[in-house]
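Single-letter residue listing:
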Amino acid sequence: MWEILNVALIWSTIRLSTPLILAALGGLFSERSGVINIALEGMMLAGAFAAAAITYATGSPYVGLLAGMMAGMLIAAIHALACIRYQADQVVTGTAINILMLGMPAFLSGAFFLSSGSTPQIPKEHLIPWLPIFIAIVMVPLSWYVLYKTPFGLRLRSVGENPEAADAAGVPVARMRYAGVLLSGILAGLGGAYLSIGQSSLFTRNMTSGRGFIALAALIFGKWRPFQTLLACLLFGFTEAVSIQMQGVVKLPSGDDIPVQFIQMVPYILTIVVLAGFIGSSRPPRALGIPYQKER
Amino acid sequence: MKLLRELLFPLIAVVAAFVVCGILILIIGDNPIETYRLLFGSALSWPVGIGYTLFYATPLIFTGLAVMVAFRCGLLNIGAEGQLYVAAFATAWVGITFANHSPWLLIPLCCIAAVVGGGVWGAIPGILKARFGSHEVINTIMLNFLAVALLSYFTQYHYKEPGPIMQTLAIGPNAHIARLGRFIPGMPQFIPLNVAFILALISCGLVYVFLWRTKWGYELRSTGTNPSAAEYGGISVRKQIIIAMTISGALAGMVGINEVLGYRYRYYDGFSDNYGFTGIAVALLGRNHPVGVITSALLFAVLQRGGIPVDAFTTHVTKDIVQVLQGTIILFVAAEAFFRGPFAQWGLLKRSKV
């Protein structure tokens with residue numbers, strides 16, 4: 001069992017956790033402001049595609065990274081507009097965005113690169129494997145500081161807990177929620193960008209393969225708090241790293257391989273268990289998912 | 001007037017989505033009219049186009065009904081995807097294990113397996129919500145992934161057909177259900193449209209009767225419209241949540257009948273083309289009514305079938321346009337307030353319930 005615990009595994013855990021950390025922190029800002037964000041997946045896909053396409057076009061991964069963040073923010077703006085201004089159901093809107101983003105990048109790739117849904121290969125020297133990891137690590141304490149130590153964070157949390165009271169105290173509820181959702185788009189877009197121009201070297205169809213949902217699970221497992229969310233992301237990244245590395249290495253006493261699927265199931269089962277309140281209670285922000293209508 | 005209002009918003013949403021995507025097609029340098037002509041022309045051609053369109057509509061009617069029943073109880077079931085996978089596997093398992101029994105026993109047994117498999121997987125988030133208050137949306141997402149991993153394990157380690165493809169052994173021929181080509185003159189038998197389509201239409205009728213003509217349906221809908229009033233009126237909200245999620249899962253599970261007994265005759269890993277998620281779109285666009293579900297399932301099936309020639313016969317547009325269209329339609333349906341503003345000015349529309 002222990003022979004697989006080595007430097008390579010730790011390194012792989014960090015690399016696999018990075019997109020989760022970025023997206024989960026994104027989800028944190030959105031959900032703390034009271035807007036459910038199951039569109040993280042779609043925002044990551046947008047970021048991954050834009051980053052790969054722009055890096056390929058310009059040759060600069062920094063411009064690509066920026067484009068990824070902008071694309072995530074653009075998708076977030078659609079989510080925010082529908083949920084905040086038009087009071088649409090937040091889960092339904094999120095689902096719509098996820099379906100839309102399953103098609104849109106592939107559609108655009110097909111149009112611009114005449115491919116079947118992926119961007120061309122980006123040369124190795126134009127990739128950016130380190131910076132996003134660094135940003136992810138820095139963003140955790142920074143998010144904590146912003147949420148708990150600044151007036152902005154206090155207002156953001158207050159509109160997610162009790163928008164009526166916040167409104168009475170003069171906090172602009174809608175504006176704070178826009179800020180929360182847009183921030184989540186930027187961070188999720190960055191997480192997606194890391195997938196396409198950090199970890200690999202092109203965008204492929206549906207390349208996030210559910211990481212947006214795992215990030216959401218990590219956010220819940222981390223009880224909507226930055227440092228706990230980091231730990232949850234590391235745990236989920238670790239299970240992914242193990243499931244990649246251990247194939248054929250770890251044997252049961254009977255001599256059979258441990259099926260990789262059992263390791264893959266760990267994050268999902270943990271999230272269900274935590275949400276049911278078996279391991280301490282995980283309480284969402286009180287006004288999560290409820291549109292706020294100012295009384296006239 | 002009420003009917004007009006019910007029809008108007010979905011119609012506007014669909015038209016708006018086609019316009020937006022038309023502009024998108026124009027930007028990337030293709031002709032939108034030509035693209036849409038290809039899309040509808042092929043999907044509505046007799047017999048192959050229509051046969052496939054109805055075949056694609058079958059799972060969408062089931063998942064649309066599933067989402068609708070949960071929605072009527074105030075729940076959002078985005079776990080239809082996982083429920084239909086579990087159900088399809090259960091169906092295949094019965095079809096493999098009891099392969100030698102007579103069709104009269106085996107086919108009903110397989111259908112029961114589909115309904116029970118989906119129902120159980122749907123009941124889990126229902127129970128979790130009723131017992132612990134944990135949100136069904138997150139739990140259904142997790143259960144989707146859990147189902148995929150679990151079934152991939154069973155397929156790979158226990159029931160796999162030797163070869164590179166991740167699929168189970170074939171079910172016994174006694175478990176096959178008839179393709180409609182056998183009964184409809186002029187429809188070739190290679191089209192996988194099968195008896196499950198008829199079953200889907202019957203299910204629509206049954207769901208209508210259940211929801212609007214029985215006491216149980218009334219209790220379920222009351223829970224959806226106002227849970228506290230329902231509780232005050234002596235309805236156990238917790239019980240209704242579990243019932244609604246179980247029925248919802250069972251309906252989603254019936255996709256397994258279409259897939260396993262009528263089409264592939266085995267469980268194929270990852271067969272679902274987002275049926276569960278498209279079901280949300282179907283239910284919403286169909287105003288959470290059985291007739292609406294059939295109509296919007298047909299529309300989405302047309303898109304799915306029509307995407308194939310669009311992919312082949314246009315320069316730039318790929319079949320991904322279908323998902324772009326689907327996403328845009330749901331977005332517009334969800335944010336119907338976007339259209340309500342302009343229309344309210346004409347005094348035509350007041351707020352309508354979902």
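Since the model is a prediction, treat every value here as computed from it, not as a measurement. (Residues numbered from 1 in each chain as written. Chains lettered and ligands numbered in written order. Predicted model: local features only at pLDDT ≥ 70, side-chain atom pairs only at ≥ 80, totals over all residues.)

Quick look at the overall build of chain B
- A tally of regular secondary structure across chain B gives 15 helices and zero strands.
- For 354 residues, the compact-globule formula gives about 20 Å, and the C-alpha radius of gyration of chain B, at 21 Å, lands near that figure.
- Its C-alpha atoms put chain B at 65 × 60 × 35 Å along the principal axes.
- Intrachain contacts of chain B at a sequence separation of at least 6 include 75% that bridge at least 24 residues. (Helix = DSSP H or I, 4+ residues; strand = E, 2+ residues; numbered from the N terminus. Rg over C-alpha atoms; globule rule 2.2 N^0.38 Å. Contact = placed C-beta atoms within 7 Å.)

Examining the overall build of chain A
- Of the regular secondary structure elements, chain A holds 11 helices and zero strands.
- Moving toward the C terminus, one meets the helices and strands of chain A in the order α-α-α-α-α-α-α-α-α-α-α.
- Scaling as 2.2 N^0.38, a compact globule of 296 residues should have a C-alpha radius of gyration of about 19 Å, and chain A matches this with 19 Å.
- Structurally, chain A occupies a C-alpha span of about 65 × 50 × 30 Å along its principal axes.
- Counting all 296 residues of chain A, 57% fall into the buried class.
- Here the contacts in chain A between residues at least 6 apart in sequence split such that 78% fall between residues at least 24 apart. (Buried ≥ 20, exposed ≤ 12 C-beta atoms within 10 Å, placed from the backbone.)

Some words on helix α8 (residues 215–225) of chain B
- All buried positions along α8(B) are accounted for by B:Glu219, B:Leu220, B:Ser222, B:Thr223 and B:Gly224.
- Looking at the buried positions of α8(B), the neighbouring elements they touch are α3 (48–72), α7 (195–213), α9 (227–232) and α10 (237–253) of chain B.

Some thoughts on the interface of chain A and chain B
- Chain A puts 36 residues into the contact, and the matching count from chain B is 37 residues.
- Sorting the residues of the side of chain A that touches chain B by element identifies α4 (90–113), α9 (211–221) and α11 (260–275) of chain A as the ones contributing at least two each.
- In terms of residues, the side of chain A that touches chain B owes the most to one element, α4(A), which gives 15 residues.
- Of the residues in the side of chain A that touches chain B, the class split is 24 nonpolar, 11 polar and one charged. (Nonpolar A, V, L, I, M, F, W, Y, C, P; charged D, E, K, R; others polar.)

Description of the packing of helix α1 (residues 2–27) of chain B against helix α14 (residues 321–334) of chain B
All names here are of chain B.
- With their axes 8 Å apart at the nearest point, α1 and α14 run at an angle of 140° to one another. Here α14 runs oblique to α1, going by the angle between their axes. Here α1 runs over α14; the crossing is right-handed. Each of Pro 10, Ala 13, Val 14, Ala 16, Ala 17, Val 20 and Cys 21 in α1 lies in contact with α14, whose residues at this interface are Ile 321, Val 324, Leu 325, Thr 328, Ile 329, Phe 332 and Val 333. (Axes fitted to C-alpha atoms, helices over the stretch in contact; angles between N-to-C directions. Parallel < 35°, antiparallel > 145°, perpendicular 65-115°, else oblique. Left-handed = near helix turned anticlockwise from the far one by under 90°.)

Digging into unusual backbone geometry
- Looking along the chain, the bond that leaves B:Trp46 and enters B:Pro47 is cis, with omega of -5°.
- Its identity is not glycine, yet B:Tyr265 carries a phi of approximately 60°, on the positive side.

Things to note about helix α13 (residues 290–313) of chain B
- For α13(B), spanning 24 residues, the distance from its first C-alpha to its last is 35 Å, which sits close to the expected 34 Å at 1.5 Å a residue.
- If you look at α13(B), its biggest bend is around 30°, right at B:Gly306, and the proline B:Pro309 turns up within four residues after that. (Expected span 1.5 Å × (residues − 1). Bend = angle between axes of the 7 residues up to and from the residue.)

Focus: the confidence of the model for chain B
Residue and element names in this part refer to chain B.
- This prediction gives chain B a mean pLDDT of 90; 96% of its residues lie at or above 70.
- With pLDDT under 50 throughout, residues 347–354 is counted as low confidence; its partners more than four residues away or in other chains account for eight contacts.
- Scored by ipTM, the complex comes to 0.88, with pTM at 0.91. (pLDDT = per-residue confidence, 0-100.)

Concerning the packing of α3(B) against helix α12 (residues 275–285) of chain B
Residues and elements named next belong to chain B.
- Put simply, α3 and α12 touch, their axes get as near as 7 Å, and they point 65° apart. Once α3 is placed against α12, the crossing between them reads as right-handed. Contacts from Pro 59, Leu 60, Thr 63, Gly 64, Ala 66, Val 67, Met 68 and Phe 71 in α3 reach Tyr 275, Gly 276, Thr 278, Gly 279, Ile 280, Val 282 and Ala 283 in α12.
- Class assignment for the residues of the contact of α3 with α12 results in 10 nonpolar, five polar and no charged.

Quick notes on the environment of A:Glu161
Residue and element names in this part refer to chain A.
- Tracing the backbone shows Glu 161 in helix α6 (residues 151–161).
- Assessed through the 16 C-beta atoms surrounding it within 10 Å, Glu 161 is described here as partly exposed.
- Setting aside chain neighbours within four positions, we find Glu 161 in contact with Pro 285, Arg 286 and Ala 287.

Regarding the environment of A:Pro132
Residues and elements named next belong to chain A.
- Note that Pro 132 resides in helix α5 (residues 131–149).
- The class of Pro 132 is buried, set by 27 C-beta atoms lying within 10 Å.
- Each C-alpha atom, one on Pro 132 and one on Val 274, is 29 Å from the other, the two residues being 142 residues apart in sequence.
- With residues up to four places along the chain from it excluded, the contact list for Pro 132 reads Thr 18, Leu 190, Ala 193, Tyr 194 and Gly 198.

Comments concerning the environment of A:Ile133
Residue and element names in this part refer to chain A.
- By the secondary structure assignment, Ile 133 is in helix α5.
- The sequence separation of Ile 133 and Ile 21 amounts to 112 residues, and the corresponding C-alpha distance is 9.3 Å.
- Apart from the residues within four sequence positions on either side, Ile 133 is in contact with Ile 14 and Thr 18.

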